[in-house]
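The chain contents come next:
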Amino acid sequence: MNAREANRARARARRRVLQALYQWQMTGQAPEEIERQFLGEHRLGRMDLAYFSEVFSGVTAQAEAMDALFDPFLDRPARTLDPVEHALLRLGSYELQERLEVPYRVCLDQAVELAKQFGAEQSHRYINGVLDRVGRTLPLRKAELAAPKR
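Since the model is a prediction, treat every value here as computed from it, not as a measurement. (Residues numbered from 1 in each chain as written. Predicted model: local features only at pLDDT ≥ 70, side-chain atom pairs only at ≥ 80, totals over all residues. Heavy atoms only, no water.)

Enquirer: I would appreciate a short explanation of the pattern of salt bridges in the present structure.
Expert: Between side chains of opposite charge, a pair can form when the charged atoms approach closely. Overall, the coordinates contain 13 salt bridges when judged by the stated rule. A salt bridge links Arg76 to Glu85; its shortest N-O distance comes to 2.9 Å. For Glu85, a relative accessible area of 7% corresponds to the buried category. Here Glu144 and Arg141 are joined by a salt bridge, their closest N and O atoms 2.7 Å apart. Of this pair, Glu144 and Arg141 both sit in helix α8 (residues 139-146), three residues apart, which is roughly one turn of the helix. We classify Arg141 as buried; its relative accessible area is 1%. Here the residues in one salt-bridge network are Arg10, Asp48, Glu54, Arg99 and Glu101, joined through shared partners. (Salt bridge = Lys/Arg side-chain N within 4 Å of Asp/Glu carboxyl O. Buried < 20%, exposed > 50% of the residue type's maximum accessible area, 1.4 Å probe, protein only. Helix = DSSP H or I, 4+ residues; strand = E, 2+ residues; numbered from the N terminus.)

Enquirer: Hey, could you run me through the nonpolar core in this one?
Expert: Generally speaking, a soluble globular protein has its nonpolar side chains buried in company with each other. Core analysis: the largest hydrophobic core is formed by 41 residues, its most contacted members being Leu21, Leu74, Leu89 and Leu96. Looking at this core, the elements with two or more residues in it are α1 (3-27), α2 (31-41), α3 (49-61), α4 (63-70), α5 (83-98), α6 (104-118) and α7 (123-137). No other element matches α5, which puts seven residues into this core. Setting aside anything within four residues of it in sequence, one finds Leu89 in contact with Phe70, Leu74, Leu81, Ile127, Val130 and Leu131. (Core = buried A, V, L, I, M, F, W, Y, C linked by side-chain atoms within 4.5 Å. Contact = heavy atoms within 4.5 Å.)

Enquirer: Help me understand a positive patch on the surface in this model?
Expert: Where like charges cluster on the molecular surface, the positive patch consists of Arg4, Arg8, Arg12 and Arg46. Within the secondary structure layout, Arg8 lies in helix α1. (Patch = residues over 30% accessible without salt bridge, like charges linked within 9 Å, V, L, I, M, F, W, Y side chains within 5 Å. Areas by Shrake-Rupley, 256 points an atom, 1.4 Å probe, with all protein chains shown as cover. Lys, Arg positive; Asp, Glu negative; His and termini not counted. Charge placed at Lys NZ, Arg CZ, Asp CG, Glu CD.)

Listed below in C-alpha cells is the structure:
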C-alpha cells in the first residue's frame with residue numbers, strides 16, 4: 001500500500017471511530033461490544049483496522065482525560081456539546097496527544113472534514129479552534145509547531 005492509500009485508509013478509520021464514539025456516547029454500550037459490532041457488521045472497505053481499534057479503544061479508555069484537555073477552551077460546559085462535536089473533540093485531542101506520528105495539521109484537518117460531514121453547520125470552525133488551542137498546550141506538539149516549515 002502506498003502512502004496515499006494508507007492515508008485514505010486512516011481517514012476511513014477516523015470516520016468509523018467517530019461513528020463508534022457517537023454510538024458509545026449515546027447508548028452507553030461497552031466499547032468492546034461496539035468495536036465487535038463495527039468490525040463484524042459494517043462494510044469496512046480499505047479501512048486501517050488496527051488504527052480504528054487502537055484509537056477507538058484509546059479514546060474510550062481516556063475519555064475523561066481527553067475532556068480535561070479541551071474543557072478549558074470551551075465556551076460552554078462539555079455536557080452541553082452536540083454529541084458529534086464531543087466525539088470529534090475527543091478523537092482530535094487523542095490524536096494530538098497520543099498519535100504523534102500524525103502531523104498536527106492532519107489531526108486538525110481531518111477533524112474539520114468530519115465536522116463538515118457530520119456536524120452542525122458551523123461546527124467545523126468550533127472544532128478547529130478548540131483543537132488548535134489543545135495542540136498548542138501539548139509539549140511535543142509545541143516542538144512540532146516551532147520547527148521550521150519544510
